[in-house]
Amino acid sequence: MKTLKFIGYLLTLPVILLLWWWVATSGEPNFFVPTPAKLAETFVNTWISERLFTDVLPSVTRLALGVLAAIVLGIALGLAVGLNRTLRALTEPVFEFFRALPPPVLVPVLMLLVGINDGMKIAVIISGCIWPVLLNTIEGVRSIDPVQNETSRSYGISGFNQIRYQILPAATPTIMAGVRQCLSIGLILMVISEMFASSSGLGFSIVQFQRSFAVPEMWSGIVVLGLIGVALSFIFQWCERRVLRWYHGLKEVEHAV
Amino acid sequence: MKKKARGIPTWVLGVIGIIVFLGLWELTPVVGLVKAQYLPPASEVLLTLANDLGLTAFWVAVGQTMLAWFLGLAIAAVSGLVLGLVIGMSPFLRRFTNSTIEFLRPIPSVALIPIAVLLFGMKLESSLLLIVFACFWQVLIQVLYGVADVDNVAMQTARSYGFSYLQRVRDVVFPTLLPYLMTGIRLGASVALILAITAELLIGTPGLGKEIVLAQSGGAIAGMYALILAAGFLGVAINGVTRLVQKRVLSWHASVRGEVIV
């Protein structure tokens, strides 16, 4: 009974929306909106084919490489800057500017500096995604409880061990918030860099479909992007639950008190 | 070295940091690390920007970007707030819509670019479609969190005193909700700028982004960098203003809560 109720809540609204879409489009054909059946058919024909390997996989690989590099670089730089008060004060205004700079404007810049290739697209993703991770790491390191640092010092924990076992864990909740922002920016930049200058990839294909008025194909491409977005958010939530299990547990205990 | 650094106030170090950054930028093309035609020296770009500040066309572009930003954010904030309240106040609706919201929310709004082009072309509405779609979820999710955070006892007290639905929303839910709403709007404000610029870059709706593309394709590289700097300053200004507004609202809120708890 309980699972039935759960499934009911899970599926009722999506089913209603699908039915509404089906009824609304099944009358006279609408140029802009395909019927659900037509879209599903186009989706399978368009994407479950060699396109999966020529367009989707390269895009997703670039996204993964860019985002991972941004996270690693952001955390490493953030630790270096966050642990040094002078460095922090020196870099803060410049970093704040780069965080506030809307990342899409970097696409034309990197087109000039790097040229139009895979490296440029990955560079765009890294240069847009690194700021939330970097600044959140700095903030996370800065706001560590001083008692923790002093405890580490009095136990003689320093250097790598202190970073690995005290500073990184204490900063992780803040870092994860940055990683979440970094993922959505990365997805945007992946699409934009391909729409701007490319002859392959998801973003390019979707614009190509739109320019040739292949409307059902265009919608199916949007569905692919949506699925990637949903998949990313699930992966992130799974990682966050694993990495921050201790943190959520701690919060629960604190709330219970 | 460290002792000396303590004596220097933070803002001086910040200014030094900016000067060092500009100096490095100035040197990079001079030394020949990057061709000057791809990355003009900082002085040239700053001069171009200063020149831009005197041009009407520049301010028109800024105004167009800000108009799309403001309208998009306002529509998203109002609709997110109203829908969030209606959904959040009813446990049934919350569970009923949960799966749909969680599925629609991660869809990147840039995926809607082709639809915007087909429906509206190079008009303001294209920008608005992207901005509203992106910001709406930010606001809605925060409002839902906020409504869920409302104290149960306060809610039941209000109910037993015969508060109407609207009174409950105004006097019980809204005060708890306000900091969450402000967070949503602050997040939405920077996302809205990103998408306003994106729409201008890719679709060609009028504004700063379109000017950047025009400058790039016209070979006015210093002009392009100047406009990019301008977009960055716009972002800094938006961050500053929203942070200020949020701080005001939150300080009022925190002080009130503080008194109640003590």
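Use the structure listed above.
Residues numbered from 1 in each chain as written. Chains lettered and ligands numbered in written order. Predicted model: local features only at pLDDT ≥ 70, side-chain atom pairs only at ≥ 80, totals over all residues. Heavy atoms only, no water.

With that out of the way, let us pick up the overall build of chain B. A tally of helices and strands in chain B yields eleven helices and zero strands. Ordering the α and β elements of chain B from the N terminus gives α-α-α-α-α-α-α-α-α-α-α. The C-alpha atoms of chain B give a radius of gyration of 23 Å, which is well past the 18 Å a tight globule of 262 residues would have. When its C-alpha atoms are laid out on the principal axes, chain B stretches across 75 × 60 × 35 Å. (Helix = DSSP H or I, 4+ residues; strand = E, 2+ residues; numbered from the N terminus. Rg over C-alpha atoms; globule rule 2.2 N^0.38 Å.)

Quick look at a nonpolar patch on the surface now. Residue and element names in this part refer to chain A. Together, Phe 6, Ile 7, Leu 10, Leu 11, Val 15, Leu 19, Trp 22 and Val 23 make up a nonpolar patch on the protein surface, roughly 770 Å² of accessible area in all. The residue Leu 11 is located in helix H1 (residues 2-26) in this model. Here Leu 11 falls in the partly exposed class, since its relative accessible area comes to 44%. (Patch = residues over 30% accessible without salt bridge, like charges linked within 9 Å, V, L, I, M, F, W, Y side chains within 5 Å. Areas by Shrake-Rupley, 256 points an atom, 1.4 Å probe, with all protein chains shown as cover. Salt bridge = Lys/Arg side-chain N within 4 Å of Asp/Glu carboxyl O. Buried < 20%, exposed > 50% of the residue type's maximum accessible area, 1.4 Å probe, protein only.)

A few words now on helix H9 (residues 165-202) of chain B. Here H9(B) is 38 residues long, yet its end C-alpha atoms lie only 45 Å apart, well below the 56 Å a rise of 1.5 Å per residue gives. Residue B:Phe174 marks the point of greatest curvature in H9(B), where the axis turns by about 60°; the proline B:Pro175 follows within four residues. (Expected span 1.5 Å × (residues − 1). Bend = angle between axes of the 7 residues up to and from the residue.)

So, about the environment of A:Val60. Residues and elements named next belong to chain A. You can see Val 60 is positioned in helix H3 (residues 51-82). Note on Val 60: relative accessible area 30%, which makes it partly exposed. A C-alpha to C-alpha distance of 14 Å links Val 60 and Ser 233, two positions 173 residues apart in sequence. The residues touching Val 60, leaving out its near neighbours within four places in the chain, are Met 190 and Ile 228. (Contact = heavy atoms within 4.5 Å.)

Taken together, the 48 residues of chain A in the interface contact 53 residues of chain B. Of the roughly 4,600 Å² buried where chain A meets chain B, counting both sides, 81% is carbon and sulfur surface. Taken as a group, A:Tyr9, A:Phe97 and A:Leu112 account for 15% of the area that chain A buries against chain B, more than any other trio of residues on that side. Between B:Arg243 and A:Glu96 there is a salt bridge whose closest N-O contact spans 3.9 Å. Remark: the boundary between chain A and chain B carries two residue pairs in polar contact (both at pLDDT 80 or more). At the level of secondary structure, the elements contributing two or more residues to the side of chain A that touches chain B comprise H1, helix H4 (85-100), helix H5 (106-114), helix H8 (159-196), helix H9 (202-211) and helix H10 (215-243) of chain A. Element by element, the count of residues in the side of chain A that touches chain B is highest for H10(A), at eleven residues. For the side of chain A that touches chain B, a count of residues per class yields 39 nonpolar, seven polar and two charged. (Buried area = accessible area lost by both parts, 1.4 Å probe. Polar contact = N/O pair within 3.5 Å; in protein donor to acceptor, adjacent residues only side chain to side chain. Nonpolar A, V, L, I, M, F, W, Y, C, P; charged D, E, K, R; others polar.)

A few words now on the nonpolar core. Ranked by size, the top nonpolar core spans 113 residues in total, and within it A:Val67, A:Met190, A:Leu202, B:Leu208, B:Met224 and B:Tyr225 carry the most contacts. Of the residues forming this core, the biggest block, 15 residues, is contributed by H8(A). For A:Val67, the residues in contact, after removing those within four places along its chain, are A:Ile125, A:Cys129, A:Cys182, A:Leu183 and A:Gly186. Counting 17 residues, the second largest nonpolar core, distinct from the first, contains B:Leu85, B:Val150, B:Ala158 and B:Leu178. (Core = buried A, V, L, I, M, F, W, Y, C linked by side-chain atoms within 4.5 Å.)

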